[in-house]
Amino acid sequence: MGSVKKYSFFAAHLIVEEDENGGKCVIKGQTIEEHCKNVSIIARRFADPFGAGDAAALCGLAHDIGKYSKAFQKRIWEDGPKVDHSAAGAIELKKMGSFGFLCVAGHHAGLSNIHQLISERLTKKVQPYEEYKDDIVLGSASDPSFVGKRDVQYPGFVLSFYIRMLFSCLVDADYLDTELFMSQGNIFRANGSGISELCGRMENYIKSNSWLEGRDGINFYRSGILKRCINYGKESSPGIFTLTVPTGGGKTCASLAFALNHAKKNGMKRVIYVVPYCAIIDQTVDVYNKILGEENVLAHYSEAEFTDSESGKDPNQAELKKLAAENWDMPVVVTTAVQFFESLFSNKTSKCRKIHNIADSVIVFDEAQTIPVDFIKPCVFAITELALHYHSSCILCTATQPSLEMFINEYKKGTIVREISENTDDLYRLFKRVNYEDLGKCSEDEIALHLSDYNRVLCIVSTRSRARSLYEKLPNEGRYHLSTRMTPEHRKRTLDTIRERLIDDKSVRVVSTSLIEAGVDLDFPLVYRELAGLDSMIQAGGRCNREGREDPGASKVFVFRFKELKRLPSSMKLPAEVAETIIMKNIEIDSPQTIKEYFDALYYHKSEGLDREKIVEKLNNRPSDFRFADVGEKFKLIDTFENKTIFIPRDLKSNALVDEIRKHGEVLTRSIYRQTGKYSVSVSERVFRALSPALEMINEEFAILAVSKYYSQETGLAEDFEGGDAVFG
């Protein structure tokens with residue numbers, strides 16, 4: 001044992017108890033050798049699908065050799081001072097020329113900007129750790145063949161992406177082995193059913209619902225789309241696909257059918273379904289639970305709860321899903337674009353753990369047109385990289401297919417994007433259920449009069465303040481309001497009420513922001529839409545005559561502009577301007593050709609703004625200039641303008657959470673945040689400050705609404721506040 005003879009062994013982890021005298025008693029220990037070799041084996045398994053098994057195994061062997069130092073052994077056996085144990089393995093791998101040195105250096109703190117890592121940690125003297133050589137042999141390891149090749153336009157992006165994937169394999173393997181030891185084998189992680197079994201469940205579900213027997217109307221065309229997806233999934237090789245299906249064409253189930261059959265044919269291990277918004281994830285998960293079984297479907301998003309009440313019959317499901325959310329080790333994962341892309345570009349261990357499980361998967365991007373234009377280049381480059389080098393297939397699924405092929409081919413010339421659907425132009429004609437009519441400029445009062453003339457009508461506007469103002473001009477009977485000033489739970493209950501009234505043919509006039517457009521299955525005979533991006537207006541049309549029961553000629557989507565000018569958010573202004581130029585041509589706005597023309601024009605006008613934070617530039621430098629930490633900080637799909645949270649206690653369940661929140665005080669756990677999500681509203685700092693007299697402050701970011709009058713049962717959180725002079729919306 002040399003320099004640490006007084007200790008029983010070189011320890012990586014210890015399980016301890018206090019003895020009768022308050023001292024520390026070691027119950028069980030794990031040696032560094034055992035831990036490093038275990039992590040090496042697991043990391044290899046994770047990286048094998050993309051040809052990096054050797055490199056990941058080397059990272060696993062090296063990651064904790066710094067624990068052989070006297071200083072670390074004193075730390076673990078005697079509660080000595082903290083020690084940087086990660087630098088040692090990084091130094092060894094850097095000497096060997098392995099990019100794994102970045103992964104080892106950051107396996108606790110996260111990936112760093114490389115120049116800072118080298119200058120601040122790897123050039124400093126570290127505690128001697130030479131005795132690792134008695135137990136661990138660091139052999140050489142090569143990177144996959146695609147690393148360093150010049151067959152793409154952005155080789156630096158390829159390398160930085162690979163480093164992050166390698167990092168994911170290491171940190172997840174490290175966590176899993178540590179968890180297994182520290183729990184003394186008492187933590188069980190379920191992996192769900194295999195893809196072949198899930199294909200069988202999908203087939204049984206289709207048969208039991210007679211979907212393939214649709215003989216007339218829209219169901220006939222939906223069944224045709226579904227058959228095509230199943231058959232094409234069974235015969236296609238991995239790559240990038242589009243699934244261009246008109247709104248109401250059943251793409252949620254059709255895309256799953258393609259994904260499962262494609263995964264089975266190509267030996268892939270999971271399906272990841274990426275939705276644009278939290279607001280629609282629950283209904284997608286409900287459908288997939290019915291088809292595949294709740295034990296096989298993981299919903300992972302900011303408001304996801306993993307509680308017994310959410311876990312069906314099996315009381316263990318909540319804990320299993322909570323664990324699976326850490327690394328996406330489930331056969332079907334439903335997540336948001338924010339969660340998916342921000343994890344791919346993160347430098348943090350907690351977010352990166354899961355991304356190695358994106359490899360060897362079929363990834364469906366629902367409503368692909370909603371990928372924010374400001375980040376379109378890094379997002380599409382990442383999609384292309386997954387398909388090129390990580391044995392993944394990516395499906396861009398939408399009724400309004402954006403022109404992403406130009407970015408795919410900018411990344412690698414000649415990349416083929418295959419369309420799953422047959423005769424797309426014919427499909428759009430067959431699914432034609434509405435006509436668009438331009439009303440020109442109207443006042444709020446004029447639009448309110450229009451809406452009041454109908455018993456069942458939906459109006460979608462661009463801002464919350466406009467939604468509230470217009471709502472208040474409608475007759476009280478049957479009016480409903482939807483916006484993000486309402487808690488998710490409140491919006492869900494309101495949507496349920498709207499659906500019931502539509503079924504019962506009762507009066508229902510709804511004023512909503514755009515949150516209702518994507519994936520919300522409502523069916524109105526008439527829709528009004530304030531001028532917006534073409535894709536938004538077509539999505540609005542998807543809420544009109546959705547089931548095709550009415551004459552398309554009588555089913556109208558009225559497009560209008562308000563006479564009363566209000567400043568639009570910058571993200572909405574350019575899409576509306578581009579859409580207006582197309583509407584002025586008096587052409588069919590929902591045809592595939594018009595949609596392509598719109599996106600081509602939008603991306604042309606946006607130009608330099610297609611990568612607002614210069615993410616690609618930060619990752620396509622020489623390796624010594626890679627800025628992982630900077631990218632992790634800057635890559636935020638949703639602007640953090642509204643980064644304060646107000647919890648709204650409105651019923652028995654939410655009121656019961658108040659005591660839990662107070663008990664935790666300033667330090668709220670992730671579990672508490674998840675549970676409070678459906679009863680909370682996000683606001684800006686200005687709003688948070690203006691409402692402060694009505695809030696019970698928990699910490700700088702989170703508060704409880706203490707004065708109930710500032711939350712309306714109809715419209716949500718107040719738009720103005722009597723206690724101050726601020727007006728906000």
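Presented here is an overview of the structure given in this document. (Residues numbered from 1 in each chain as written. Predicted model: local features only at pLDDT ≥ 70, side-chain atom pairs only at ≥ 80, totals over all residues. Heavy atoms only, no water.)

**A short note on the packing of helix α1 (residues 32-47) against helix α2 (residues 53-62)**
Here is step 1 of the chain: Across the interface, α1 lies against α2 with an axial gap of 7 Å and an inter-helix angle of 155°. Taken together, the axes of α1 and α2 are roughly antiparallel relative to one another. In the packing of α1 onto α2, the handedness of the crossing is right-handed. Counted together, Cys36, Lys37, Val39, Ser40, Ala43, Arg44 and Ala47 of α1 and Gly53, Asp54, Ala56, Ala57, Gly60 and Leu61 of α2 form the full contact between these two elements.
Here is step 2 of the chain: Partitioned by chemical class, the residues of the contact of α1 with α2 number 7 nonpolar, 3 polar and 3 charged. (Axes fitted to C-alpha atoms, helices over the stretch in contact; angles between N-to-C directions. Helix = DSSP H or I, 4+ residues; strand = E, 2+ residues; numbered from the N terminus. Parallel < 35°, antiparallel > 145°, perpendicular 65-115°, else oblique. Left-handed = near helix turned anticlockwise from the far one by under 90°. Contact = heavy atoms within 4.5 Å. Nonpolar A, V, L, I, M, F, W, Y, C, P; charged D, E, K, R; others polar.)

**With respect to the packing of helix α9 (residues 217-235) against helix α10 (residues 251-266)**
Here is step 1 of the chain: Packing of α9 against α10 leaves a shortest axis separation of 7 Å and a crossing angle of 15°. As the angle between them shows, α9 and α10 are arranged roughly parallel. Handedness of the crossing formed by α9 with α10: right-handed. Note on element contacts: α10 touches α9 through Cys253, Ala254, Ala257, Phe258, Asn261, His262 and Lys265, opposite Ile225, Leu226, Cys229, Ile230, Tyr232, Gly233, Lys234 and Glu235.

**Quick notes on unusual backbone geometry**
Here is step 1 of the chain: Phi angles above zero are rare outside glycine, and Gln184 is one such case at about 55°.
Here is step 2 of the chain: When you line up the elements, Gln184 lands in the loop between α7 (155-182) and α8 (195-208).

**A few points about the sheet that holds strand β18 (residues 695-697)**
Here is step 1 of the chain: Spatial strand order, β17-β16-β19-β18: 4 strands in an open sheet with mixed pairing. The two strands at the open ends of the sheet, each matched to only one other strand, are β17 (680-683) and β18. Looking at each pair of strands side by side, their axes are set apart by 30° on average, direction ignored.
Here is step 2 of the chain: Note: β18 against strand β19 (residues 702-705), 3 bridges, orientation antiparallel. Bridge assignment links Leu695 to a residue of β19, and that residue is Leu705. (Pairing = 2+ DSSP bridges.)

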